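# Chains, contacts and geometry: an overview
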Amino acid sequence: MKLGRLNHVGVATPSIEASVAFYRDMMGAEVIREPFDLPAQGVKVCFVDTPNAQIELIEPLGDASPIHTFLARNPGGGQHHLCYEVPDIDEARAWFEAKGVRVLGAPRIGAHGTMIFFLHPKDMGGVLTEIMETPRNQH
Ligand SMILES: CC[C@@H](C(=O)O)C(=O)SCCNC(=O)CCNC(=O)[C@H](O)C(C)(C)COP(=O)(O)OP(=O)(O)OC[C@H]1O[C@@H](n2cnc3c(N)ncnc32)[C@H](O)[C@@H]1OP(=O)(O)O
Ligand SMILES: [Co+2]
């Protein structure tokens, strides 16, 4: 498997509205996409663009959100996951499974419209890791 570029850093927040104000007013971020709901992933999402990667702001959506426990432990929010691109999602999944890394749930469509899966932080040096297939027009 060939690891691709860092696509985004996931940041959990109790309030996307407050985080957008922080990235705009404190960090000087200019391009901030409109927030949108991703019910299938249990999160509300908003992208902040930087020159080489995105910050993905995620706020819990619904009672079964996978970030509820994280925010209960970190009420002010914080860095939640790193996401790397790969050219072939099935090859990447087989690669990690063969190495005994726990894949969390089934591959699904992510916020960028391509397939994603997550790897357990305890098998990844303490970092919850998202693997995402590179969008077709960027291969
Ligand atoms: C916007 C859509 C999409 C995209 O396209 O980009 C997304 O990014 S969605 C992002 C949200 N979705 C997910 O996170 C899905 C995958 N996550 C999970 O399956 C779970 O959150 C989890 C990683 C298995 C954690 O489960 P949880 O029940 O919340 O907590 P536990 O108490 O069971 O945690 C076990 C263990 O792991 C540590 N942990 C938990 N989260 C993280 C984290 N983000 N980074 C590092 N470590 C984490 C936790 O502290 C526990 O450790 P111990 O206390 O030592 O046991
Ligand atoms: Co993500």
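Not measured: the values here are computed from a predicted model.

Right, let's talk about the UniProt feature "domain: VOC" (unreviewed entry) in the protein chain for a bit. Per the UniProt record, "domain: VOC" (unreviewed entry) is annotated on residues 5-134. In residues 5-134, the share of helix is 21% and the share of strand is 38%. The end C-alpha atoms are 9 Å apart.

For the rest of this paragraph, the subject is the sheet that holds strand E5 (residues 78-86). What holds strands together in a sheet is hydrogen bonding between their backbones, with the strands either parallel or antiparallel. Read from one edge to the other, the open sheet built from eight strands follows the order E2-E3-E4-E1-E5-E8-E7-E6, with strand pairing classed as mixed. At either end of the open sheet lies a strand with only one pairing partner, and these are strand E2 (36-38) and strand E6 (103-109). Averaged over all pairs of adjacent strands, the angle between their axes in this sheet comes to 25 degrees, without regard to strand direction. As defined by bridge partners, strand E3 (residues 43-49) adjoins strand E4 (residues 54-60) across seven bridges and the pair is classed as antiparallel. Within the sheet, the bridge partner assigned to aspartate 49 lies in E4 and is glutamine 54. Against the sheet, helix H3 (residues 89-98) touches E5, E6, strand E7 (115-119) and strand E8 (129-133), its axis set at about 180 degrees to E6.

Rules used in this analysis
Residues numbered from 1 in each chain as written. Chains lettered and ligands numbered in written order. Predicted model: local features only at pLDDT ≥ 70, side-chain atom pairs only at ≥ 80, totals over all residues. UniProt positions renumbered as here; feature names shortened; annotations may be inferred. Helix = DSSP H or I, 4+ residues; strand = E, 2+ residues; numbered from the N terminus. Pairing = 2+ DSSP bridges. Axes fitted to C-alpha atoms, helices over the stretch in contact; angles between N-to-C directions. Contact = placed C-beta atoms within 7 Å.

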